[in-house]
Amino acid sequence: MPSNSVTPERRAARHRMSVRLTALAVGATCAFGGFALATPAMADGPANLTGIVLGVGADEAQRVVTWYTSVDAAQSVQLAPTSSLVAGDFPASAVTVAGVGSANIASSGGFNRHATLAGLAENTVYSYRVGSAGSWSPTYSFRTQSFDGDYDFLFYGDPQIGSSGDTAKDQAGWEDTLNVSLAANPNAELLVSGGDQVETANTEAQWTAFLAPEKLRQYPWAATIGNHDVGGKAYEQHLYTPNTDRSGALYSNGNPAGTASGGDYWYLYKDVLFIDLNSNSYSTATGGGGDAAHLAYVTDVINQHGAEAKYKVLVYHHSIYSPADHAKDTDAKVRRVDFPTTFSNLGVDLVLQGHDHSYSRSYLNKNGAKADPAEQPGQADVYPGPGGVLYVTANSASGSKYYDLTAPDGTGTSGAGNGADPLNPSSYWYNSVQNQEHVRSYVKVEVRSDKLVVENVRSGDCSAPNAAVELAKVAWCGPNNGSSPAQPVGSLVDSVTVHPYQGAGQHLQVAVPDAAPGEFGWTIDGYNGLVDLGTAVEHGGDYFEAAGQINPITVTDSRRSHAPWSVSASVGDFKDGTKTFSGANLGWTPKVVQPGAGATAGESVVSGYAGGGSGLSVSRGLGSASQGHDKGTAKLGADLDLKIPGDVTKGSYRATLTITALSS
């Protein structure tokens, strides 16, 4: 299946904006989210412009704007840095991007348009409006942030506006969750959907309520198709997505030109490759390609673009490891068999899901089974190892509908089974945490260089707006089936830190700043985690330098032969997406951290930058012992010296140190 290559604009933009200092962008970020400028509601003109929404683009340098118009005429997005506006007026230098689209289906009325804003600069506030001369919309704004480094995104489950029977109440809860979550996290960079934006696919009153919050014009929305969205074309009309494969196999009915929405899409945002699937198409019986088509798509995208990201995150609507009404659905069991092994083999880190209107966090799952039987319920730190995947199901973000937790049965504790967790028999075997309090919540994901932090946060309590409670759709509210008082807005339901597997060797990381002073630091962990060389320091404008130590390597030799042994290592190129610099720039000074087994340290190797040689890009000795050495255990270490040419582009680079042990 085709998947588009990263656009030249993406790479060019990343290079052009490398003049910003990484440490400054992280340490001095202002608490600003976005705002709507006060302008007249409409200028003179015939077009009625509605449903304006800011969508995610193919990368951090893109956004997509989608809107409805009452007239079939040429319309555009006008864009300019907010600082260039004078008294709210766009300057002559404003960029105009033509909108494209078509007529809406009859029940929607009017026409749809979308435009892709490409080549955005980092750390810039932009203003935009849609329409045409004499018929512009109000002006809105959004902000880009640094195109490298750490960031947060927010994940929202099932707003499903209209499902309570009271659209206005559902809208109020949805809008409040957006306001609460973004007031607490104003620098969040993406809003990611769990699907089911509305209750009824083509009911425009529900779409109007869903799109009413101003935050959806200020932060990019990464849409996902839910089962309540899929039955009509309004989803595709309202929410245009980048890199979308609209092949028939990715539609539940096999027909992109039919009445259903569909397709899979992907995008890269900083260090994360996101892949979004139309999980409504899971069976070939109705004409689509079923789960096999999605797995082929995911495999293709990861094979083409996985090396450009540090993390891989999948998003789809139908949770396969959920705790409530849908946990035992037949289609959930099908996906639970079809998906997990491929996801493990492809190195997926996190899967975000919706549909079950309740919260759950899985145990680390490998190939459809619990990866580590010793992992405890609610464990705060998890270490996936090769193939471990975390699955998260989000509760309702609007309060329009909740499902209560259901009980395990005797169908088994792997694969499609819904058996009990041996460590917590009231929960399903696959879930570390399950929660339902009948209060609104959202999921926050912190993307860091060496970990992912996933938190479920309360965005409401038992008071309004909370439509399902207000309308007595549920009998209780609060923790422990309502027997405990509701917890405050902003409190945590759950938090877990995922420490990704770094491979059989050791990954080295160094942050290269722009040519300006910056901070320097490094850390060493004890579980063969990331060797972080910190932020490189500039020297005389010629090169950057960073230092650190490898994780100690233990050598044990109890052989009777007392045969010689040696340990050596080499490093590949340092990479950040398509940006690289040679591993020859890394040198080291080996040392014996703990004597034993006749160990002697290898010779020092200077950085190729300083000595003109090949550094550690070729295999070098870390330590060895000669024939006849004593039995025992030694620990070998090495001080690392990395000198980086001054013309290397800003980024967060990684390389793999490959360790080889030889003995007669």
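Per-chain numbering applies: the sequence of each chain, read as written, is numbered from 1 onward. In keeping with the model being predicted, local features are shown solely for residues with a pLDDT of at least 70 and side-chain atom pairs are shown and tallied solely at 80 or more, while totals for entire chains, interfaces and linings include all residues. Excluded from the side-chain calculations are hydrogens and water; all other atoms, namely the structure's heavy atoms, are used.

## Remarks on helix α7 (residues 330-338)
As a reminder, the rule being used: When a residue's accessible area, from a 1.4 Å probe over protein chains only, is under 20% of the maximum for its type it is buried; when over 50% it is exposed; and in between it is partly exposed. In DSSP terms, a helix is any run of H or I states spanning at least four residues, a strand is any run of E spanning at least two, and both are numbered starting from the N terminus. Taking the helix axis as origin, the arc is that swept by the directions to the C-beta atoms. Residue contacts are counted whenever heavy atoms from the two residues lie within 4.5 Å of one another.
All of the buried residues along α7 are Asp331, Ala332, Arg335 and Arg336. Down the axis of α7, the buried side of the element spans an arc of 140 degrees, and every buried residue falls inside it. Relative to its buried face, α7 has exposed residues pointing more than 90 degrees away, namely Thr330 and Val337. Buried residues belonging to α7 abut α6 (290-305), β15 (311-318) and α8 (340-345).

## Comments concerning the packing of aromatic side chains
Our working definition: Working definition: rings of Phe, Tyr and Trp (its six-membered ring) pair if their centres are within 6.5 Å, and the pair is stacked with planes under 30 degrees apart, edge-to-face with planes over 60 apart, and tilted otherwise.
Counted under the stated rule, the structure contains 26 aromatic pairs. Relative to Tyr391, the ring of Tyr321 lies with its centre 4.8 Å away and its plane at 80 degrees, an arrangement referred to as edge-to-face. On the criterion of sequence distance, the pair formed by Tyr321 in the loop between β15 and α7 and Tyr391 in strand β21 (residues 390-393) is long-range, its members being 70 residues apart. Classification of Tyr321 by relative accessible area gives buried; the value is 0%. Overall, Tyr391 belongs to the buried group, its relative accessible area being 0%. The interplanar angle of 55 degrees and the centroid separation of 5.1 Å between the aromatic rings of Phe581 and Tyr653 together place this pair among those described as tilted. Taken together, the residues Phe581 in strand β35 (residues 579-581) and Tyr653 in strand β40 (residues 651-663) connect sequence positions 72 residues apart. Every member of this aromatic cluster is reached through a ring pair, and the members are Tyr151, Phe153, Tyr265, Tyr267, Tyr269 and Phe274.

## As for the confidence of the model for the protein chain
Put simply, the test is: Confidence of the predictor in every single residue is expressed as pLDDT, which spans 0 to 100.
Taken as a whole, the protein chain shows an average pLDDT of 90; of its residues, 90% reach a score of 70 or greater. pLDDT under 50 marks residues 1-44. Its contacts with residues more than four places away, or in other chains, come to 113 contacts. Every residue in residues 516-526 is under pLDDT 50, and counting partners more than four places away or in other chains gives 25 contacts.

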